[in-house]
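Below, each chain spelled out in residue letters.
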Amino acid sequence: MNTATAKTTTITYDDRTVRQFMIASIVWGIVGMLVGVICATQLSWWQMNGKFLEAVTGGLFKGDGLQYITFGRLRPLHTNAVIFAFVGNMAFAGIYYSTQRLCKARTASDLLSKIHMWGWQLIIVAAAITLPAGLTRGKEYAELIWPINIAVALVWVVFAVNFFWTLAKRNEPSLYVALWFYIATIVTVAMLYIVNHLSIPTSLLHSYPVFGGLQDGLVQWWYGHNAVAFFLTTPILGIMYYFLPKAANRPVYSYRLSIVHFWSLVFIYIWAGPHHLLNTSLPRWLQMLGMLFSLMLWAPSWGGMLNGLLTLRGAWAKLRTDPVIKFFAAGITFYGMATFEGPLLSIRAVNALSHYTDWGIGHVHSGALGWNGFMAAGMFYWLAPRLWKTKLWSTGMANMHFWIGLVGILLYVTAMWTAGITQGLMLGEVAEGGTTLKYEFVETLKAIQLPYILRSVGGTLYLIGFFLCAWNIFMTARSGKASDDTVEVAVPEKAHDRMRLGDALANDPVAYCVAALAMMILWFFLPPHADKAALLLTVILVVKAIRVFKTRGNAWDQWHESLLRNYLPFTLLTFIAVAIGGGVQIVPSLLVNREKNIEGRLQEIYTPLELAGRDIYVAEGCYNCHSQMIRTLMPDVMRYGRAGVKDDFSHLGESLYDHPYQWGSKRTGPDLAREGGGFVQGSDHVRSGKRDNKWHWFHFMNPRWANEDSNMPAYPWLYEQKTDFKSLPAKIAVQRQLGVPFPAWTKDEIDQQAREQGMAIARSLFEGSSPVGYEPIKGESTEALVRHFSESRVVALIAYVQKLGTYREITKEGAPAAVPLDPDSFRNISEKTEALRRGETSANP
């Protein structure tokens, strides 16, 4: 309740919401990390997919392969729990606490705060139920099904309204640095989430993304990379800028550096997504653009890190005694390490070694556990005594948490570096003679077993440390009493938030930036000679801007200071800064990379049963271990390509109709892009791939049958559960809406085709000289077995796997024509890269 006077007012902050978000973060953090430890052990011991329950339950439960806890289903649960539940709730706690103090105003609406808090927790519970159940969109960090996505968007809008409403009510005219990063977080996450989750439902629990193939991959990593930037980085940077000076009792080292850090980070980060798709069929100009902007990220990232660490100047002695400073200093150091490693991995030559290995996993965890986890712990230890009006229950336990967590994360990251580099080198090593590769894929898995086990140990240590944190915060809360802060603040004259949008935009800094950016973008897209003119104009504009700044620098400073007193124009400029990069990359790709422009290989459409099998593949999370993208690297082509097929890397058109794309980001198992093949002679239903149908039957039943060193789980439920034939007409109708050229089949035709193919594949399994068997059903006739399994999920999945990699050749007369908005087609590229684009030869890394 506020008691207003003429010049001052009394504010009681809403700290209840802060306490709730903090407790939620700790609880979900434990859940997410525990699931992560289970996932890690599953990669070392296949028994952890269900068999271990026999030992745990004393033999009461027997099962080799339990569908709800396979790696493919648990990994999305782990990543979503850590990102959205642990870090998300931690960020909300920090934002709600600091925003009220920085605005000198209570959060605008208690009702909206409650809807945000409990709505977010319900979303997390819904995710925890649906992901193990196999309900997923099949895209990393974007797996939640469409009804939950809508709930996320609505709750995010509630959060945004509450936040900006609080800004509008503030009693502090100028926006402090932390608020800039919160604004960037809110507007950018909304943009990323909505675009990447655009889908058309086929039922209440299933949908297809509107983007397919390369377009889907580009949008996905535009989202995925920037979810790291704007969900895991910018809100935590805002928290750093608020809580670190408070804990160190020192001002931020450099306010000017904060300005440079903010604007350069939010502008550059959004461009870097394509570095997740290097050496693939992604157009070359996008790969180079992603690499260039990733390297540019070194500057703002390290600027922010140095600004944080130098804020501790004069307070380093506190490192010996204050666990809050320890966690903050270590967290910022990990931020610097992760943001050095990220651009390093975006260099194409380095990426050729690191991608599809555990190096990337180590990189992600150094950010998630080192940066986010340690910053969260530091903030919790600083907040808890203030939220419960007491002192920290045990400083010694907090110190123990720090050292156990630090040893755990260092062990984890070191193990993943070792595993990733080892696997990358082994996979690329050519045998003597140069015509074959030296190691089988499974040999690389055996070689990294020790790092895998050390990863589990490191993760367990980190989890134990977090348990100590939870207990310490719980005991701190018990020793005190929950209480909200009440302060008296001055009410300023209302001279802020009066800048018109025209005044914010029609200004020298904005004009020069927009003009230079426009010329730079034209440099990418214009044909030869015209592009050089655009580049020259870019340079002229930059030089002119520098000269103007030297003579009118004070006016630029005043403009920015006035911008900070007007949150809406500031928010609009922030949105423009983050939207440019995404638009430049995505819009041309949506317009150019379409069927009419494809030369060379064009994907064959799926049969109804193959489409059903693909949905099962997605539901089981197979993309978490297997890629469907043979890179343009010679070792990849030698390992996964087909004998006698020249340059058998994955071409752009081969996945054009895949909604969602399934290129993967890590290979715990081999690539599957060439697993399938055409129909066998005399059949329209049974395909002939690298391996026959019976091999896949036994492989899904017991992967150790195929290779005794396999760490893949068994999939016994695929033999018991039926394929959902009834949903196929709706799914195919949606695919047609998305542009996939399915014929206008009737429902009966779709059902008949699916069942006929199922019967044909089942006959290939149970008939012939060496039919397969199925122990739980003994004594049935062959015909009964064929009818039974023709509708089974395992047969649908076999149909899909045997389809992978099939395409038809598209031949066009004459030399390739330049395509508008395709910079590659305009460039005076070398003979080698020209041939690569046409699919006639391979390229080096």
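Please read these numbers as outputs of a predicted model, since none were measured by experiment.

J.: How would you sum up the overall build of the protein chain? Please name residues and give values.
T.: Scanning the protein chain from terminus to terminus reveals 32 helices and seven strands. A principal-axis box enclosing the C-alpha atoms of the protein chain has dimensions of 95 × 75 × 55 Å. Here the protein chain holds 845 residues, and 60% of them are scored as buried. The long-range fraction of contacts in the protein chain, counting pairs at least 24 apart against all pairs at least 6 apart in sequence, stands at 82%. Surface summary for the protein chain: the accessible area is close to 33,300 Å², and the carbon and sulfur share equals 64%.

J.: Go over the pattern of salt bridges, please, and point to the residues and values.
T.: Within this structure, the stated rule accounts for 35 salt bridges. Of the charged contacts in the structure, one is a salt bridge between D15 and R101, with a shortest N-O distance of 3.0 Å. Of the two residues, D15 sits in the loop between β2 (8-12) and α1 (16-44) while R101 sits in helix α3 (residues 71-103), which places them 86 residues apart along the sequence. By relative accessible area, which is 14% here, R101 ends up buried. Of the charged contacts in the structure, one is a salt bridge between D557 and R256, with a shortest N-O distance of 3.3 Å. Placement of the pair is D557 in helix α20 (residues 530-563) and R256 in helix α9 (residues 255-268), with a sequence separation of 301 residues. Assessed through its relative accessible area of 31%, D557 is described here as partly exposed. Residue R256 is classed as exposed on the basis of its relative accessible area of 56%.

J.: Tell me what's going on with the side chain of T70, and back it up with residues and numbers.
T.: You can see T70 is positioned in the loop between α2 (52-56) and α3. Residue T70 is classed as buried on the basis of its relative accessible area, which comes to 0%. Residues within four places of T70 in sequence aside, it is in contact with Q42, N49, P713 and W717.

J.: Can you lay out the environment of P588 for me, pointing to particular residues and giving the numbers?
T.: With respect to the element layout, P588 can be found in helix α21 (residues 567-592). P588 gets classed as buried once you look at its relative accessible area, which sits at 6%. Once residues within four sequence positions are removed from consideration, P588 is found in contact with W285, F525, G583, N593 and L821.

J.: Break down the packing of helix α12 (residues 323-345) against helix α15 (residues 395-428) for me, with residues and values.
T.: Viewed as axis vectors pointing N to C, α12 and α15 meet at an angle of 15 degrees, and their least axial separation amounts to 10 Å. Considering the angle they form, α12 stands roughly parallel to α15. Here the hand of the crossing between α12 and α15 comes out left-handed. In this structure, α12 uses P323, K326, F327, A330, F334, M337 and E341 to contact α15, whose residues at the interface are T395, A398, N399, H401, F402, W403, L406, I409, L410 and W417. Looking at the contact of α12 with α15 residue by residue, the classes come out as twelve nonpolar, three polar and two charged.

J.: Provide a residue-level description of helix α28 (residues 747-766), including the pertinent values.
T.: For α28, which comprises 20 residues, the first-to-last C-alpha distance of 28 Å matches the rise-based estimate of 28 Å (1.5 Å per residue) to within 8%. Taken residue by residue, α28 has I750, A754, Q757, G758, A760, I761, A762, L765 and F766 as its buried positions. On its buried face, α28 is in contact with α22 (608-619), α24 (693-701), α27 (728-737), α29 (782-790) and α30 (793-801). Two residues or fewer past α28, G768 is found with a positive phi of approximately 100 degrees.

J.: Give a detailed account of the nonpolar core, specifying residues and quantitative values.
T.: Ranked by internal contacts, the top residues of the largest apolar core, which has 211 residues, are W120, F230, F380 and W697. Of the residues forming this core, the biggest block, 15 residues, is contributed by α3. Each residue touching W120, except ones within four places of it in the same chain, is listed here: F84, N89, F92, I115, V152, V155, W156 and F231. C39, L43, M416 and A419 belong to the second largest nonpolar core, which has 22 residues in total.

J.: Any chance you could break down the state of the cysteines for me, citing the residues and the numbers?
T.: Scanning the entire structure with this criterion turns up zero disulfides. With no disulfide partner, C622 has as its closest neighbouring cysteine sulfur the one in C625, 8.2 Å distant. Of the residues examined, C622 reaches a relative accessible area of 13% and is grouped as buried.

J.: Outline unusual backbone geometry, supporting the account with residue identities and numerical values.
T.: A negative phi angle is the norm for most residues apart from glycine, just as the trans form is the norm for most peptide bonds. Look at the link from H659 to P660: it is a cis peptide, with omega at 0 degrees. With respect to the helices and strands, the residue P660 is situated in the loop between α23 (634-640) and α24. Positive phi values are uncommon outside glycine, yet N249 reaches one of about 60 degrees. Residue placement: N249 occurs in the loop between α8 (234-248) and α9. Phi is positive for Y356, which is not a glycine, with a value near 65 degrees. Position of Y356 among the secondary structure elements: in the loop between α13 (348-354) and α14 (359-387).

J.: Which residues make up the confidence of the model for the protein chain, and what are the values?
T.: Confidence in the prediction for the protein chain averages 92 pLDDT; 97% of positions are at 70 or higher. Mean pLDDT across the elements of the protein chain bottoms out in strand β1 (residues 3-4) (46) and peaks in helix α4 (residues 110-130) (98). Predicted confidence for residues 1-5 stays below pLDDT 50, and this span has ten contacts to residues more than four positions away or in other chains. Here residues 841-845 is modelled with pLDDT under 50, and outside its nearest four sequence neighbours on either side it reaches 19 contacts, counting other chains as well.

J.: Summarise helix α7 (residues 213-230); cite the residues concerned and give the values.
T.: Taking 1.5 Å per residue, 18 residues should reach 26 Å; α7 reaches 25 Å between its end C-alpha atoms and fits that length. Summarising burial for α7: 17 of the 18 residues are buried, a large majority.

J.: Which residues make up the side chain of N196, and what values do they have?
T.: Looking at where N196 falls in the secondary structure, it is placed in helix α6 (residues 177-196). Assessed through its relative accessible area of 0%, N196 is described here as buried. Engagement of the side chain of N196 in a polar contact is seen with the side chain of K139, the distance being 3.0 Å. Those residues in contact with N196 that lie beyond four places of it in its chain are R137, K139, A142, V219, Q220 and Y223.

Reading the values: the criteria
Residues numbered from 1 in each chain as written. Predicted model: local features only at pLDDT ≥ 70, side-chain atom pairs only at ≥ 80, totals over all residues. Heavy atoms only, no water. Helix = DSSP H or I, 4+ residues; strand = E, 2+ residues; numbered from the N terminus. Buried < 20%, exposed > 50% of the residue type's maximum accessible area, 1.4 Å probe, protein only. Contact = heavy atoms within 4.5 Å. Areas by Shrake-Rupley, 256 points an atom, 1.4 Å probe, with all protein chains shown as cover. Salt bridge = Lys/Arg side-chain N within 4 Å of Asp/Glu carboxyl O. Axes fitted to C-alpha atoms, helices over the stretch in contact; angles between N-to-C directions. Parallel < 35°, antiparallel > 145°, perpendicular 65-115°, else oblique. Left-handed = near helix turned anticlockwise from the far one by under 90°. Nonpolar A, V, L, I, M, F, W, Y, C, P; charged D, E, K, R; others polar. Expected span 1.5 Å × (residues − 1). Core = buried A, V, L, I, M, F, W, Y, C linked by side-chain atoms within 4.5 Å. Disulfide = S-S within 2.5 Å. pLDDT = per-residue confidence, 0-100. Polar contact = N/O pair within 3.5 Å; in protein donor to acceptor, adjacent residues only side chain to side chain.

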